[in-house]
Amino acid sequence: MKINKKNHTQINLFDNRIDWSNVLFVILLIAVSAWYFSGINTIPFHLDESSYLFSSDDLETLVTNPSSLFWEPGKETDRKLTLRLLDSPLRRYINEIGRQLAGEKALPVDWDWTKSWEENAHAGALPDGKLLYFGRLSIAIFFPFSLLLVYSLGNRILNNTCGWIAAILFASNALILLHTRRVMAEGVLVFTVLLFLWSVTSPKKSIFFIGITAALAFCAKQSSGILYLVGIIAIVFNNHDKRGSALSLIPRLISYSVIFITAIYILNPYMWKHPIQS
């Protein structure tokens, strides 16, 4: 026991007991993650991985030749600009950071589906083992954080048992174990969606955090754009202003929308020159 001289109250120094359930989960997290990373090279190669490794040079291009990233009306689009228009950008940035840290260059050519495997390999569209490994690792690195979010969300929504069940189901899901270890969007998408769910279930819902996480999920894969509406619902149900609640919601929803749209605009350089048309 310790006496607080200022308030003359007793404080029990032994109140902060170890939560052994969380300790056991950390042990599970480390063990599962080690097994998960050790199997990156065992995942079958998907031809789209070549396309993603080919287009992973946006950050470098932004420094050396930014105008080539911009979409313009009537401008003929090359293969990389076409991929920027088709795919969300977050995965490309993460892939590029990963391969740059590994000292690897992007693939010189994209995979051509009209040609044979041998023709594509001869043209340089087949990544070598090191490039493929570090490209996959840059995406797979999000798995332990996703697992932690799943466990935490289960605890937050229901109880510790729910957290454990959710984590075990997530860590043993075949689709998660397959697709989140490829140079594709799924690993980043899963993490950003979970991060968004974390933001909307937080007791203190931050409009900025909800807007940013919704935008990140959209920039991981456009199909997650539906989360924008989920964010609106979360903000509406979190409105505690009893006086003129509808009016008080308007500035909050406008702020949320501005944050969401601005983040998407910043993360998609092809929109910078003609944002509305693009």
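Thresholds applied
- Residues numbered from 1 in each chain as written.
- Predicted model: local features only at pLDDT ≥ 70, side-chain atom pairs only at ≥ 80, totals over all residues.
- Heavy atoms only, no water.
- Phe/Tyr/Trp six-rings, centres within 6.5 Å; stacked < 30°, edge-to-face > 60°.
- Lys NZ or Arg CZ within 6 Å of the ring centre and 35° of its normal.
- Salt bridge = Lys/Arg side-chain N within 4 Å of Asp/Glu carboxyl O.
- Helix = DSSP H or I, 4+ residues; strand = E, 2+ residues; numbered from the N terminus.
- Buried < 20%, exposed > 50% of the residue type's maximum accessible area, 1.4 Å probe, protein only.
- Axes fitted to C-alpha atoms, helices over the stretch in contact; angles between N-to-C directions.
- Parallel < 35°, antiparallel > 145°, perpendicular 65-115°, else oblique.
- Left-handed = near helix turned anticlockwise from the far one by under 90°.
- Contact = heavy atoms within 4.5 Å.
- Nonpolar A, V, L, I, M, F, W, Y, C, P; charged D, E, K, R; others polar.
- Core = buried A, V, L, I, M, F, W, Y, C linked by side-chain atoms within 4.5 Å.
- Expected span 1.5 Å × (residues − 1).
- Arc of directions from axis to C-beta.

(A) The arrangement of the packing of aromatic side chains in detail. Following the criterion strictly, the structure yields 15 aromatic pairs and no others. The rings of Tyr36, Phe37, Phe143 and Phe170 are connected pair by pair, giving a single aromatic cluster. One Lys or Arg, Lys80, reaches over the ring of Phe54 and ends 5.0 Å from the middle of that ring. Residue placement shows Arg181 over the ring face of Trp35; its charged tip is 5.6 Å from the ring centre.

(B) Examining the pattern of salt bridges more closely. Applying the stated criterion across every chain, the model contains 7 salt bridges. Of the charged contacts in the structure, one is a salt bridge between Arg79 and Asp110, with a shortest N-O distance of 2.5 Å. Here the residue Arg79 occupies a position in helix H4 (residues 79-86), and Asp110 occupies one in the loop between helix H5 (90-101) and helix H6 (117-123), the gap between them amounting to 31 residues. Residue classification places Arg79 among the partly exposed residues on the basis of a relative accessible area of 40%. The buried category is assigned to Asp110, whose relative accessible area is 13%.

(C) Geometry of the packing of H5 against helix H7 (residues 129-140). At a minimum axis distance of 8 Å, the contact between H5 and H7 shows a crossing angle of 125°. Comparing their axes, H7 and H5 come out oblique. Crossing angle aside, the handedness with which H5 passes H7 is right-handed. Residue-level contacts link Arg91, Ile94, Asn95, Gly98 and Arg99 of H5 to Leu131, Phe134, Gly135, Ser138 and Ile139 of H7. Among the residues making up the contact of H5 with H7, the classes are represented as 4 nonpolar, 4 polar and 2 charged.

(D) Local environment of the nonpolar core. Ranked by internal contacts, the top residues of the largest apolar core, which has 52 residues, are Phe143, Leu147, Phe170, Val188 and Leu194. Residue contributions to this core peak at 8 residues, all from helix H11 (residues 186-200). Ignoring anything within four residues of it in the chain, the contact list for Phe170 reads Phe143, Ser146, Leu147, Val150, Ile176, Val190 and Leu194. Listed in part, the 9 residues of the second largest apolar core include Phe54, Leu107, Val183 and Met184.

(E) Spotlight on helix H9 (residues 160-171). The terminal C-alpha atoms of H9 lie 16 Å apart, and with 12 residues this matches the ideal 16 Å at 1.5 Å per residue to within 8%. Listed in full, the buried residues belonging to H9 are Gly163, Ala167, Phe170 and Ala171. Mapping the buried residues of H9 onto a view down its axis gives an arc of 90°, with all of them on the same face. Away from the buried face of H9 by more than 90 degrees, exposed residues Thr161 and Leu169 are located.

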